[in-house]
Amino acid sequence: MSLRFSVPSYVLPGTYVENLRFLDEHSSQRQVELLFFIYDDEAKALLLQEHDDIVSFSPRFSFTVHMPDSVDDSHDEIIDATNDIASHYIIHPPREAEGLRSFVRLMDDWRMRYGADRFLLENTKLDPFYAAEEALLGSRFGPPRLCADIGHLRLEGVDPAPWIAEREKRISEIHVHGFDGRHDHVPFYASETWLRDLRAFAGTFKGIVEIELFSWAELEDAQAILRKEWEHE
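What counts, and at which threshold
Residues numbered from 1 in each chain as written. Predicted model: local features only at pLDDT ≥ 70, side-chain atom pairs only at ≥ 80, totals over all residues. Heavy atoms only, no water. Helix = DSSP H or I, 4+ residues; strand = E, 2+ residues; numbered from the N terminus. Expected span 1.5 Å × (residues − 1). Buried < 20%, exposed > 50% of the residue type's maximum accessible area, 1.4 Å probe, protein only. Arc of directions from axis to C-beta. Pairing = 2+ DSSP bridges. Right-handed = clockwise from strand over helix to strand, strands pointing away. Axes fitted to C-alpha atoms, helices over the stretch in contact; angles between N-to-C directions. Salt bridge = Lys/Arg side-chain N within 4 Å of Asp/Glu carboxyl O. Lys, Arg positive; Asp, Glu negative; His and termini not counted. Polar contact = N/O pair within 3.5 Å; in protein donor to acceptor, adjacent residues only side chain to side chain. Contact = heavy atoms within 4.5 Å. Parallel < 35°, antiparallel > 145°, perpendicular 65-115°, else oblique. Nonpolar A, V, L, I, M, F, W, Y, C, P; charged D, E, K, R; others polar.

Caption draft 1: Fine view of helix 5 (residues 126-137). The end-to-end C-alpha separation of helix 5 is 16 Å, in line with the 16 Å expected for 12 residues at 1.5 Å each. The set of residues buried in helix 5 consists of Leu126, Pro128, Phe129, Ala132, Glu133 and Leu136. One side of helix 5 holds all its buried residues, which, seen down the axis, span an arc of 160°. Exposed residues lying more than 90 degrees from the buried face of helix 5 are Asp127 and Glu134.

If you want it as structure tokens, here you go:
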């Protein structure tokens with residue numbers, strides 16, 4: 001089974017369009033996650049400047065969108081700008097419990113306007129993730145689809161395989177990157193046990209496998225490891 005690999009929109013220093021052009025000219029990679037983790041005035045200006053060029057890469061490219069770390073009403077403009085080209089949006093839970101009520105209200109609004117299954121709740125840290133998941137149970141559209149970040153689970157000392165197995169029917173995307181005991185978002189190696197433990201899940205997974213590394217050389221190596229370890233003929 002062939003996996004649907006995705007890479008970030010930052011595989012080398014440069015803008016969205018510069019990265020897309022590099023991928024278009026130098027690789028067969030055509031699934032990309034547009035990163036808006038920081039959405040300040042500079043990022044807004046860049047999106048406005050490059051919007052038409054980004055759209056021009058579709059449908060040759062397929063896109064998902066990583067929303068800002070702390071979402072709010074003003075981020076409608078990201079969704080409106082990418083609604084026609086993005087399949088779904090990665091959402092971080094609020095860091096503090098005080099933000100849960102406004103978060104649920106915003107998710108209800110976005111899910112009603114753009115599609116209930118297009119917003120994937122990601123496990124950044126588990127306590128905020130569990131709190132947001134619980135709060136959304138009673139929301140208008142119920143529990144959301146999920147983005148399971150394997151590196152974040154390992155960072156918190158959680159075995160990814162059973163955690164994912166409990167939620168696999170709701171997982172539409174997984175994020176893969178290494179954890180060296182101190183830092184995540186680093187390369188990983190074929191000998192690491194979590195790769196073997198997740199082989200059965202990966203063998204039937206039809207969602208997106210986002211490799212969250214930010215160097216093209218590291219991404220190529222990581223994708224080769226995942227193809228060898230997870231793809232089944």
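Caption draft 2: How the structure looks around the pairing of strand 10 (residues 208-211). Alternating positions in strand 10 separate into two faces, Ile208 and Glu210 on one and Val209 and Ile211 on the other, with burial throughout. Of the pairings in the sheet, the one linking strand 1 (residues 4-8) to strand 10 comprises three bridges and is parallel in character. The residue bridging arginine 4 from the neighbouring strand is isoleucine 208, located in strand 10.

Caption draft 3: Representation of unusual backbone geometry. Here the residue pair serine 58 and proline 59 is connected by a cis peptide bond, since its omega of 10° sits within 30 degrees of zero. With respect to the helices, strands and loops of the structure, proline 59 is situated in the loop between helix 2 (41-56) and strand 3 (62-66). With phi around 55°, histidine 185 is a residue other than glycine that occupies positive phi space. Among the secondary structure elements, histidine 185 is positioned in strand 9 (residues 184-186). The partly exposed category is assigned to histidine 185, whose relative accessible area is 27%.

Caption draft 4: Fine view of the pairing of strand 5 (residues 119-122). Here strand 5 shows no split at all, with Phe119 and Leu121 on one side and Leu120 and Glu122 on the other all buried. Two strands pair when backbone bridges link them, and strand 4 (residues 86-91) and strand 5 are joined in this way by three bridges, in the parallel orientation. Looking across to strand 5, one finds that isoleucine 90 is bridged to leucine 120. Regarding topology, helix 4 (residues 100-114) serves as the crossover connection from strand 4 to the parallel strand 5, and that connection is right-handed. Note that strand 5 and strand 6 (residues 145-149) share three bridges and pair parallel. Each bridged residue has a counterpart across the sheet, and for leucine 120 the counterpart in strand 6 is arginine 145. Handedness of the strand 5-helix 5-strand 6 crossover: right-handed.

Caption draft 5: The arrangement of the sheet that holds strand 5 in detail. Taken in spatial order, the eight strands line up as 1-2-3-4-5-6-7-10 and close into a barrel, and their pairing is parallel. Strand-to-strand, the axes of this sheet are offset by a mean angle of 30°, without reference to chain direction. Relative to strand 2 (residues 31-35), strand 1 is paired through two bridges, and the arrangement is parallel. Within the sheet, the bridge partner assigned to proline 8 lies in strand 2 and is glutamate 33.

Caption draft 6: Spatial organisation of the pattern of salt bridges. For the structure on display, the rule yields 12 salt bridges. In this structure, glutamate 166 and arginine 167 form a salt bridge, with 3.4 Å as the shortest nitrogen-oxygen distance. The class for glutamate 166 is exposed, based on a relative accessible area of 65%. Measuring nitrogen to oxygen at the nearest pair gives 2.8 Å for the salt bridge that ties glutamate 231 to arginine 227. Among the charged side chains, a salt-bridge network with shared partners connects Asp24, Arg30 and Arg60.

Caption draft 7: Spatial organisation of the side chain of aspartate 108. Topologically, aspartate 108 is positioned in helix 4. There is no salt bridge for the buried aspartate 108, and the closest opposite charge comes from arginine 111, which lies 5.1 Å off by N-O distance. Within the local environment of aspartate 108, its side chain forms a polar contact with the backbone nitrogen of arginine 140, the two atoms lying 3.2 Å apart. What aspartate 108 contacts, discounting residues up to four positions off in sequence, is Ser139, Arg140 and Phe141.

Caption draft 8: Representation of the packing of helix 1 (residues 16-26) against helix 2. The geometry of helix 1 relative to helix 2 is characterised by a closest axis approach of 9 Å and an angle of 30° between their N-to-C directions. Here helix 1 lies roughly parallel to helix 2, going by the angle between them. Between helix 1 and helix 2, the contacting residues are Tyr16, Val17 and Leu20 on the first element and Leu46, Glu50, Asp53 and Ile54 on the second. Classifying every residue of the contact of helix 1 with helix 2 by side-chain character gives five nonpolar, no polar and two charged.

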